[in-house]
Amino acid sequence: MRTPTLQYLYLQKPVTMVIIICIISVLPWIGLGDFSTKGEPREASVAISMLESGNWILPQVYANEFAYKPPMAHWLMAAFSYPQGYVSEFTSRLPSTIAFICLMGCTLMFFGRRIKFQQAFIATLLLLTCIEMHRAAMTTRVDMLLTTFIVIGLYQLFRWEDQLELKGLPVIIPVLLGCAVLTKGPVGVILPLFVFGAYLLMLRKYSLLTIFKALLYIGVSSLFLPLLWYIAAWKQGGDKFLDVVLAENFGRFFHLNTPDINYDLGHENGVWYNFMTLAAGFIPWTIFFFFSLFGLNWQRKKGSFKQVLKDSWNNILSMEKEKLFSLVALVCIIFFYSIPSSKRSVYLMPAYPFIAIFLAQYTLYITEYRTKVTRVFAAFMASITAVVVIAVALTMAGAIDPVKIASQYTSRQSTLEMVGLVSNMFAHPCGLTICILTVLLAILATVYYQMFKKINIKILYATIALSFAINLLIDGVVMRGIRQGSSARPFAEQVQKEYQLDEMNMYVMNDLKTYTNLYGLNFYLGNKFHNFGQEQPVSGFMFCTVKDLDTIQKNYGDKYTFSLLTSTKNVIADVRQRIVLCSFSQNE
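Treat the numbers as computed from the prediction; the structure is a model and nothing was measured.

Caption draft 1: Local environment of the packing of helix 2 (residues 14-26) against helix 21 (residues 456-486). Orientation of helix 2 relative to helix 21, taken along the N-to-C sense of each, is 30°, at an axis distance of 9 Å. Between helix 2 and helix 21, the angle is such that the two are roughly parallel. Along its contact with helix 2, which presents Ile-21, Ile-24 and Ser-25, the element helix 21 presents Phe-468, Leu-472 and Asp-475. Its residues assigned to classes, the contact of helix 2 with helix 21 shows 4 nonpolar, 1 polar and 1 charged.

Caption draft 2: Layout of the sheet that holds strand 1 (residues 506-508). The strand order 2-1-3-5-4 describes an open sheet built from 5 strands, whose pairing is mixed. Two strands close off the open sheet at either side, each with one partner strand: strand 2 (530-531) and strand 4 (560-567). Where strand 1 and strand 3 (residues 539-545) come together, 2 bridges link them in parallel fashion. The residue of strand 3 that forms the bridge with Tyr-507 is Met-542.

Caption draft 3: Representation of the nonpolar core in the model. Counting 173 residues, the largest nonpolar core has Phe-100, Met-133, Leu-521 and Phe-543 as its most contacted members. Counting residues per element, this core draws most heavily on helix 21, which supplies 13 residues. Filtering out sequence-adjacent residues up to four positions away, Met-133 remains in contact with Phe-100, Leu-103, Met-104, Leu-127, Met-144, Met-349 and Tyr-352. Core analysis: the next-biggest nonpolar cluster, separate from the first, contains 14 residues, Tyr-507, Cys-544, Phe-562 and Cys-582 among them.

Caption draft 4: The pattern of salt bridges, seen in detail. Within this structure, the stated rule accounts for 14 salt bridges. For Arg-578, the salt bridge is made with Glu-417, and the minimal N-O distance between the two is 3.6 Å. One end of the pair, Arg-578, is in the loop between strand 4 and strand 5 (579-586); the other, Glu-417, is in helix 19 (residues 413-427), with 161 residues separating them in the sequence. For Arg-578, a relative accessible area of 29% corresponds to the partly exposed category. What emerges from the salt-bridge pattern is a single network uniting Glu-161, Asp-162, Glu-165, Lys-205 and Lys-321.

So, how was this worked out
Residues numbered from 1 in each chain as written. Predicted model: local features only at pLDDT ≥ 70, side-chain atom pairs only at ≥ 80, totals over all residues. Heavy atoms only, no water. Axes fitted to C-alpha atoms, helices over the stretch in contact; angles between N-to-C directions. Helix = DSSP H or I, 4+ residues; strand = E, 2+ residues; numbered from the N terminus. Parallel < 35°, antiparallel > 145°, perpendicular 65-115°, else oblique. Contact = heavy atoms within 4.5 Å. Nonpolar A, V, L, I, M, F, W, Y, C, P; charged D, E, K, R; others polar. Pairing = 2+ DSSP bridges. Core = buried A, V, L, I, M, F, W, Y, C linked by side-chain atoms within 4.5 Å. Buried < 20%, exposed > 50% of the residue type's maximum accessible area, 1.4 Å probe, protein only. Salt bridge = Lys/Arg side-chain N within 4 Å of Asp/Glu carboxyl O.

Nothing here speaks to function; it is all geometry.
Take a look at the structure:
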């Protein structure tokens, strides 16, 4: 049940309310826990190099290589880190978080003025509580920033056509799309042009020449600023830079061989992968959609298959412009990312706000006309949460040992270590853990109370609040424990104290086709690694994984003597194995 304050915010300051929810959802948690994936420290190290070297165009990062992506995200990381003088987990994740908050606010403002406000409001809540968007908002990656620039750019393109009828291109459009290009390359302008062009064709209002001119003006104006950076970067990186640009942007899309780069593009999956990741990315609302299928009355449409298709097409063309634009956007984005061989769940995030609009409309229909579905879903979410709360309480009381229970089902060491890290957070809870559990219990009780009152719309809002609280538990307790216990930071601090490491004697292998790159360790050692394969030094210290040590000794054992000094006590999350430190010297 809403308090008067919440009711006031919803009725008078809805955008402010959404921004406050977003801030609570992500901002306090981005500084908790170390890097535990390879992508985050890889991007953060670029910002370190920018601050230390002063090279903001094409800085050198891991073992004398340059960044694979354009620098917009790295510029923002470095700018946020500049006042404190160093790059931290918080400042490197901050661009994604701010982008997420801006996207949620702009989405509510854009759709709230054009469709039923409650539908736009619920769409925004579904969007900020779904797994994919929430996860991307808290990571040091470029994907959330790219999504924000593209989606807000699409909103502005719609306004340009709707209010100005393609006359006098607003400067905000090329600025947003230019920033998207500077975030992840040409896709930042190609994808919005593809969506907008398809939408203009669907309107059947403009000639092909008018559409072509509009797209040409947008494309040329949007590429002006990025072109300045590409020229400057090419002057620094030369042909090697061009090889990476061609491989990352065109090799991925057209399934081309890329022999001129020393790594595989990866993430190769079939078309089905996009739909699987969409379903997973919208959890828990995918579960609601699944439950609702059993509450619908399925009726076969009358007429021939051809007539059904014709009627469906006419229905699409007669949709409200906002809904038609959303439908075209989500279909075009999914189709666009079905073409490349490389597919990742985050690539589809620009489609999420447009999918959320239709999902919110469907959710409101189910809530109003298929009342049992909403109650069953709320009961399901509440039951799962109650089981988790009971398990947490038993762990805190020492009545169960989650590691022993997990060991009965798996012998994988990394999994057992992860379970141990999480259970330790509950076995020895801090004040933050207690506060989050208290909030979760309060919202869980609210869900049960609203189910007893049987007011469906309030049950829906309570269930959304429960999803919000579950995200708090995951971010503030579960992921904090995993990140703190499986990152490379403790090992970096240990070896700096015990061995005479400096910026000139730390070496790694940098060939992703053969070896594993230690991006996390590189970040926590200050981005000081050198490329052993290129420099062939006389002596120094070598970092590598246990598996790679055998390969290094096999390839270089006739020229060098390697002596094992120490290793990590546990599996490091970003490389999924243990890391070792060796000293080496060249054989005489």
